[in-house]
Amino acid sequence: MPATTVKLESDLVDKATELKSPGQSVSAYVRSLIEKEHRDRKLREGAQAYELFLQEHPAEREAMEVWESAPLSDSFEPKQP
């Protein structure tokens, strides 16, 4: 896919300039926002798919409940040298 230029109104450029890091260009900032939103949506989709999977597979859901209730850090005692 070819690169595309996106034009922003001056008020949006001003807002992006205020929000971005000092060494970051407005273009890099906007790219990072798009990448973050895309990543967040994919993570939400994955979470929804996993929730559906757990609903359809009660044994997996029960195994996860056992896993989540395990006291992982409270009962651990490091080996003494």
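Residue numbers restart at each chain and count upward from 1, following the sequence in its written direction. Restriction of local features to residues with pLDDT of at least 70 applies here, the model being predicted, together with a cutoff of 80 or more for giving and counting side-chain atom pairs; totals for whole chains, interfaces and linings are based on all residues. Remark: hydrogens and water are excluded; side-chain values derive from all non-hydrogen atoms of the structure.

With that settled, consider the overall build of the protein. Only DSSP runs of H or I covering at least 4 residues are called helices, and only runs of E covering at least 2 are called strands; the numbering of each starts at the N terminus. Regarding its fold elements, the protein presents three helices and zero strands. We compute the radius of gyration over the C-alpha atoms and compare it with the globule rule, which gives 2.2 Å times the number of residues raised to the power 0.38. Scaling as 2.2 N^0.38, a compact globule of 81 residues should have a C-alpha radius of gyration of about 12 Å, whereas the protein reaches 23 Å, well beyond that. Expressed as lengths along the three principal axes of its C-alpha atoms, the size of the protein is roughly 55 × 45 × 25 Å. Type-normalised accessible area, obtained with a 1.4 Å probe on protein chains alone, sets the label of each residue: buried when under 20%, exposed when over 50%, and partly exposed for intermediate values. In the protein, which comprises 81 residues, the proportion classed as buried is 5%.

Packing of helix α2 (residues 26-56) against helix α3 (residues 58-69) brings their axes to within 5 Å, and their N-to-C directions diverge by 110°. Of the possible angle classes, the one that applies to α2 and α3 is roughly perpendicular. Contacts between α2 and α3 involve Tyr50, Phe53, Leu54, Gln55 and Glu56 from the former and Pro58, Glu60, Arg61 and Met64 from the latter. Looking at side-chain class alone, the contact of α2 with α3 contains five nonpolar, one polar and three charged residues. Orientation is described by axes fitted as lines to C-alpha atoms, over the contacting stretch for helices, and by angles from 0 to 180 degrees between their N-to-C directions. Angles below 35 degrees are treated as roughly parallel, those above 145 as roughly antiparallel, those between 65 and 115 as roughly perpendicular, and all remaining angles as oblique. Contact criterion: two residues are considered in contact whenever any of their non-hydrogen atoms come within 4.5 Å of each other. Nonpolar residues are Ala, Val, Leu, Ile, Met, Phe, Trp, Tyr, Cys and Pro. Charged residues are Asp, Glu, Lys and Arg, and all others, Gly as well, are polar.

We now examine the packing of aromatic side chains. Here a pair means two rings of Phe, Tyr or Trp (six-membered ring of Trp) with centres within 6.5 Å. Their orientation is stacked below 30 degrees between planes, edge-to-face above 60, and tilted elsewhere. According to the stated counting rule, one finds one aromatic pair in the structure shown. Ring geometry for Tyr50 versus Phe53: centroids 6.1 Å apart, planes at 20°, classification stacked. In this pair, Tyr50 and Phe53 both sit in helix α2, three residues apart, roughly one turn of the helix.

A pair is scored as a salt bridge if a Lys or Arg side-chain nitrogen falls within 4 Å of a carboxyl oxygen belonging to Asp or Glu. Evaluation of the coordinates by the stated rule reveals four salt bridges. Notably, a salt bridge pairs Arg41 with Glu37, separated by 2.8 Å at the nearest N-O pair. Taken together, the residues Arg41 and Glu37, both in helix α2 and four residues apart, mark about one turn of the helix. Of the charged contacts, one joins Glu45 and Lys42 as a salt bridge, the two residues approaching to 3.8 Å between their closest N and O atoms. Of this pair, Glu45 and Lys42 both sit in helix α2, separated by three residues, roughly a single helical turn. Take Glu45: its relative accessible area is 44%, and that puts it in the partly exposed class. The structure contains a network of salt bridges with shared partners spanning Glu37, Arg41 and Arg44.

Our focus in this paragraph is a nonpolar patch on the surface. A cluster of nonpolar side chains, contributed by Val6, Leu8, Leu12 and Val13, occupies part of the molecular surface with about 310 Å² of accessible area. Mapped onto the secondary structure, Leu8 falls in the segment before α1 (10-19). Like charges are joined within 9 Å and nonpolar side chains (Val, Leu, Ile, Met, Phe, Trp, Tyr) within 5 Å, but only among residues with over 30% relative accessible area and no salt bridge; these make up the patches. Calculation of accessible area relied on Shrake-Rupley with a 1.4 Å probe; when residues are assessed, cover is drawn exclusively from the protein chains displayed.

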